[in-house]
Amino acid sequence: MEVPERGRRAEAPWKKLSKETATKRARATRRNLLHVPYGDGEGENLDIYFPERVSEASPFCVFFHGGYWQSGSKDTSAFMVNPLTAQGVAVVIVAYDIAPKGTLDQMVDQVTRSIVYIQKQYPRNEGIYLCGHSAGAHLAAMMLLADWTKHAVAPNLRGFFLVSGIYDLEPIVFTSQNGPLLMTLEDARRNGPQQLLEAALTQPVDPACHVLVIVGQHDSPEFSRQSREFYQTLCRGGWNASFEELHDVDHFEIIWKLTQDDYVLTQAPPYMCLFLSLQMILRTILQEP
């Protein structure tokens, strides 16, 4: 599998710094609860950022960071907080045990339990919307197949925003990216949403639940292929799905620029689709016409 670290361009240092700065700003300017445990494990915690008018009935956008399941952190992933909380949306950033400490099975279980926690803690929410980037999009996509009955709760899932995701894990098994993961073919198949949806064609619990699959124009061919094929599988399964290719962005730029609160004020016209995609997320959450 062609991976972004070896592809067109790596993440510029200023972008990492900007993510850290955005997270510090969000923590300083938004009401929040930090490092809230959703389980007993050391890495099982999340951050919750609230809009100005705090309400248990708010819609919640839950974000899972990327990093090939072996890097990344919730502590540098709050860059979407300000634009979303400004529109009345609560934002949750979830930590999970990355490799080599965590296995894929453990990560999927942790993400599942983080959503269960949000639903139980805020049962009057106006919808839970899952957003993930890269490996985080994979984890979010696995929630389409989750068995919620064993958790005795039915999360109010209203939308999925899958950004430059990985849905077929088998190509990774024989690459260097699998070193820390130690993923077998059986692991890849058990945790591969593409194959699982193809086999089960799981019907959506709520036909109105919207799944938005997004990829960047300069993502690698493999990311583009997987995003398109996953979208097609969703459509065959009866999901309310749509697909967007965002112009002139790569694997790293896509999630950063998608969530800039001042982005519309500074963009040349070709980048307007990025702002529109954020607006699409907000329209879905806020159910605007």
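First, a word on scope: everything that follows refers to the structure included in this document. (Residues numbered from 1 in each chain as written. Predicted model: local features only at pLDDT ≥ 70, side-chain atom pairs only at ≥ 80, totals over all residues. Heavy atoms only, no water.)

**Let's talk about the overall build of the chain**
Step number 1: A tally of regular secondary structure across the chain gives 10 helices and eight strands.
Step number 2: Per-residue burial for the chain yields a buried fraction of 56% across its 289 residues.
Step number 3: Sequence-distant contacts in the chain: of pairs separated by 6 or more residues, those separated by 24 or more amount to 77%.
Step number 4: Accessible surface for the chain amounts to roughly 12200 Å². Of this, 52% is attributable to carbon and sulfur atoms. (Helix = DSSP H or I, 4+ residues; strand = E, 2+ residues; numbered from the N terminus. Buried < 20%, exposed > 50% of the residue type's maximum accessible area, 1.4 Å probe, protein only. Contact = heavy atoms within 4.5 Å. Areas by Shrake-Rupley, 256 points an atom, 1.4 Å probe, with all protein chains shown as cover.)

**Some remarks on helix α4 (residues 135–142)**
Step number 1: Counting buried residues along α4, eight of its eight residues qualify, which places the element largely inside the surrounding structure.
Step number 2: Within the span of α4, buried status applies to A135, G136, A137, H138, L139, A140, A141 and M142.

**Examining the packing of helix α3 (residues 104–121) against α4**
Two numbers describe a pair of packed helices, the interaxial angle and the distance between the axes.
Step number 1: Their axes nearest at 9 Å, the elements α3 and α4 cross at an angle of 65°. The hand of the α3/α4 crossing is right-handed. Residues L104, M107, V108 and V111 of α3 form the contact with α4, whose own contacting residues are H138, L139 and M142.
Step number 2: Of the residues belonging to the contact of α3 with α4, the class tally is six nonpolar, one polar and no charged. (Axes fitted to C-alpha atoms, helices over the stretch in contact; angles between N-to-C directions. Left-handed = near helix turned anticlockwise from the far one by under 90°. Nonpolar A, V, L, I, M, F, W, Y, C, P; charged D, E, K, R; others polar.)

**What about the environment of S224?**
Step number 1: Its location among the elements puts S224 in helix α7 (residues 221–236).
Step number 2: S224 sits in the buried class, given a relative accessible area of 13%.
Step number 3: The spacing of S224 and I166 is 58 residues in sequence and 9.7 Å in space, taken between C-alpha atoms.

**Topic: the pairing of strand β8 (residues 240–246)**
Step number 1: Across seven bridges, the pairing between strand β7 (residues 210–216) and β8 is parallel. Residue pairing in the sheet places V211 in a bridge with A241 of β8.
Step number 2: As a crossover connection, the stretch from β7 through α7 into β8 is right-handed. (Pairing = 2+ DSSP bridges. Right-handed = clockwise from strand over helix to strand, strands pointing away.)

**Re the environment of Q195**
Step number 1: Relative to the helices and strands, Q195 resides in helix α6 (residues 193–200).
Step number 2: Sequence spacing of Q195 and T233 is 38 residues, and the spatial spacing of their C-alpha atoms is 9.3 Å.
Step number 3: Sequence-distant contacts of Q195, that is, excluding residues within four places in its chain, are made with Y167, D168 and E170.

**So, unusual backbone geometry**
Step number 1: The omega torsion across A99 and P100 is 5°, close enough to zero to call that bond cis.
Step number 2: With respect to the element layout, P100 can be found in the loop between β4 (90–94) and α3.
Step number 3: Unusually for a residue other than glycine, Y68 sits at a positive phi of about 55°.
Step number 4: Its place among the elements puts Y68 in the loop between β3 (60–64) and α2 (81–85).
Step number 5: Of the residues examined, Y68 reaches a relative accessible area of 1% and is grouped as buried.
Step number 6: Even without glycine at this site, A152 takes up a positive phi of about 55°.
Step number 7: Relative to the helices and strands, A152 resides in the loop between α4 and β6 (157–163).

**What about the packing of aromatic side chains?**
Step number 1: Evaluated as defined, the whole model comprises seven aromatic pairs.
Step number 2: When the ring of F60 is compared with that of Y122, the centres are 4.9 Å apart and the planes differ by 35°; the resulting orientation is tilted. Linking F60 in strand β3 with Y122 in the loop between α3 and β5 (128–133), this pair joins segments that are 62 residues apart in sequence.
Step number 3: Each ring, one from F63 and one from F79, has its centre 5.7 Å from the other, and the planes form 75°; the classification is edge-to-face. With a gap of 16 residues between them, F63 in strand β3 and F79 in the loop between β3 and α2 connect regions that are remote in the sequence.
Step number 4: Pairwise contacts between aromatic rings join F50, F60 and Y122 into one cluster. (Phe/Tyr/Trp six-rings, centres within 6.5 Å; stacked < 30°, edge-to-face > 60°.)

**Description of the sheet that holds β8**
Step number 1: Across the sheet, eight strands lie side by side as β1-β2-β4-β3-β5-β6-β7-β8; this open sheet has mixed pairing. Looking at strand neighbours, the two that pair on one side only are β1 (32–37) and β8, the edges of this open sheet. Within this sheet the neighbouring strands show an average axis-to-axis angle of 15°, counted without direction.
Step number 2: Both β3 and β4 contribute to a ladder of five bridges, which runs parallel. The residue of β4 that forms the bridge with F64 is V94.
Step number 3: α4 rests against β3, β5 and β6 of the sheet, and its axis sits at about 145° to β5.

**Digging into the nonpolar core**
Step number 1: Ranked by internal contacts, the top residues of the largest apolar core, which has 58 residues, are W69, L130 and L162.
Step number 2: In terms of residue count, the dominant contributor to this core is α3 (eight residues).
Step number 3: Beyond its immediate sequence surroundings of up to four residues, L162 is in contact with G132, A137, A140, A141, Y167, V211, L212, V213, I214 and F230.
Step number 4: Formed by 23 residues, the second largest nonpolar core is a distinct cluster that contains A26, A78, Y129 and V249. (Core = buried A, V, L, I, M, F, W, Y, C linked by side-chain atoms within 4.5 Å.)

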